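# Commentary on secondary and tertiary structure
Okay, here's what each chain looks like letter by letter:
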Amino acid sequence: MNAKTIGTALITGGAAGIGLATARLLARQQYDVCLLDLNAESAAARAQEFGARHIGLSCDVGDEASVRQAVGEAIRRLGRIDVLVNNAGVGDQPVPTLEQTADLFSKVLDTHLRGTFLMSQAVGAHMIERGGGAIVNLSSIAAFGGIPGRNAYVAAKAGISAMTRSMACEWARRHVRINAVAPGYTRTELIEKLEAGGALDTAGIMARTPMGRLAEPDEIAQVIAFLASDHASYITGATVPVDGGWTAFGAPESSLAPPR
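In this report, the structure presented in the accompanying data block is examined. Because the structure is predicted, anything quoted here is derived from the model rather than measured.

## What to know about the packing of aromatic side chains
- Within the structure shown, the criterion is met by one aromatic pair.
- Against the face of Tyr-153 rests Arg-150, its NZ or CZ located 4.6 Å from the ring centre.
- Positioned above the aromatic ring of Trp-246 is the side chain of Arg-208, whose terminal nitrogen or guanidinium carbon lies 4.2 Å from the ring centre.

As structure tokens, this is what we get:
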């Protein structure tokens with residue numbers, strides 16, 4: 001590890017969106033960063049944008065062999081892993097329950113929930129052996145409310161928050177802190193594509209959000225970086241909403257003040 005760095009961070013789904021924003025922020029904070037992504041070329045290219053000491057590797061987080069190979073390679077090349085950010089995810093099937101398929105349901109859970117478990121297991125063993133570390137998982141506002149037609153995503157994110165609490169309590173005395181963030185709707189490339197195709201009502205989402213706008217990826221990254229840092233040294237097992245007030249709001253939209 002470079003003498004000027006403060007630690008190392010492994011970020012899944014790191015080639016785009018919130019994962020990329022987190023990688024950029026941690027690199028600016030002098031972490032050595034490893035991006036994991038299904039697209040190895042994209043991960044490597046993004047990592048090189050941060051500087052020569054950062055790396056990008058291929059990984060399918062839902063496949064145990066792929067996870068163990070990628071984590072082993074990251075440790076070999078970085079020397080250690082101080083921070084893990086479980087960000088990798090896939091879109092679900094936003095259709096009525098009776099039209100959903102079991103295969104696609106399983107795919108969403110395999111990537112989000114199984115992937116978070118496999119990565120945490122592999123990296124957690126390394127952290128416990130080394131004497132500690134921090135894991136930050138990506139939950140969602142979907143974990144706290146009902147969203148018609150999005151059964152797999154809601155189940156996966158609720159499971160991630162529950163697993164965060166369980167692992168955090170299990171490993172607290174092994175000096176491994178585990179927390180989660182629950183982003184609201186965030187202006188990523190995926191959101192912009194859905195908006196452009198008419199598949200997402202962003203105007204309606206902003207009207208329902210007390211702060212009246214979508215999040216920017218860097219706003220989510222800032223909270224992830226905080227939870228990963230020593231500034232959060234007495235926080236573990238928490239899921240922190242970063243949602244502009246979405247989960248707190250319980251009144252009709254008409255009760256919100258007009259945007260300014």
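## What about the side chain of Thr-8?
- Its location among the elements puts Thr-8 in strand β1 (residues 7–12).
- Here Thr-8 falls in the buried class, since its relative accessible area comes to 0%.
- Within the structure, the side chain of Thr-8 is placed 2.6 Å from the backbone oxygen of Arg-80, a separation counted as a polar contact.

## As for the nonpolar core
- With 28 residues, the main nonpolar core has Ile-11, Leu-26, Val-33, Leu-35, Val-181, Ile-220 and Ile-224 as its most contacted residues.
- Contacts of Val-33, omitting those with residues within four sequence positions, involve Ala-9, Ile-11, Ala-23, Leu-26, Ala-27, His-54 and Ile-55.
- Ranked by size, the runner-up nonpolar core spans 27 residues in total, among them Leu-57, Cys-59, Leu-78 and Ile-135.

## Considerations on the environment of Leu-98
- Within the element layout of this structure, Leu-98 appears in the loop between β4 (83–86) and α4 (102–130).
- In this structure Leu-98 comes out as exposed when scored by relative accessible area, which is 85%.
- Sequence separation between Leu-98 and Gly-149 is 51 residues, and the spatial gap between their C-alpha atoms is 9.1 Å.

## As for helix α3 (residues 64–78)
- With 15 residues, α3 extends 21 Å from end C-alpha to end C-alpha; this agrees with the ideal 21 Å at 1.5 Å per step.
- For α3, every residue scored as buried is listed here: Ser-66, Val-67, Ala-70, Val-71, Ala-74 and Leu-78. Viewed end-on, α3 has its buried residues packed into an arc of 125°, placing them on one side of the element. In α3, the exposed positions angled more than 90 degrees off the buried face are occupied by Ala-65, Gln-69 and Arg-76.
- Elements in contact with the buried residues of α3: β1, β2 (31–37), β3 (55–58) and α4.
- The backbone nitrogen of Ala-65 has a side-chain oxygen 3.3 Å away, supplied by the residue at the start of α3, namely Asp-63.
- Count one or two residues on from α3 and you reach Gly-79, which has phi positive near 95°.

Rules used throughout
- Residues numbered from 1 in each chain as written.
- Predicted model: local features only at pLDDT ≥ 70, side-chain atom pairs only at ≥ 80, totals over all residues.
- Heavy atoms only, no water.
- Phe/Tyr/Trp six-rings, centres within 6.5 Å; stacked < 30°, edge-to-face > 60°.
- Lys NZ or Arg CZ within 6 Å of the ring centre and 35° of its normal.
- Helix = DSSP H or I, 4+ residues; strand = E, 2+ residues; numbered from the N terminus.
- Buried < 20%, exposed > 50% of the residue type's maximum accessible area, 1.4 Å probe, protein only.
- Polar contact = N/O pair within 3.5 Å; in protein donor to acceptor, adjacent residues only side chain to side chain.
- Core = buried A, V, L, I, M, F, W, Y, C linked by side-chain atoms within 4.5 Å.
- Contact = heavy atoms within 4.5 Å.
- Expected span 1.5 Å × (residues − 1).
- Arc of directions from axis to C-beta.

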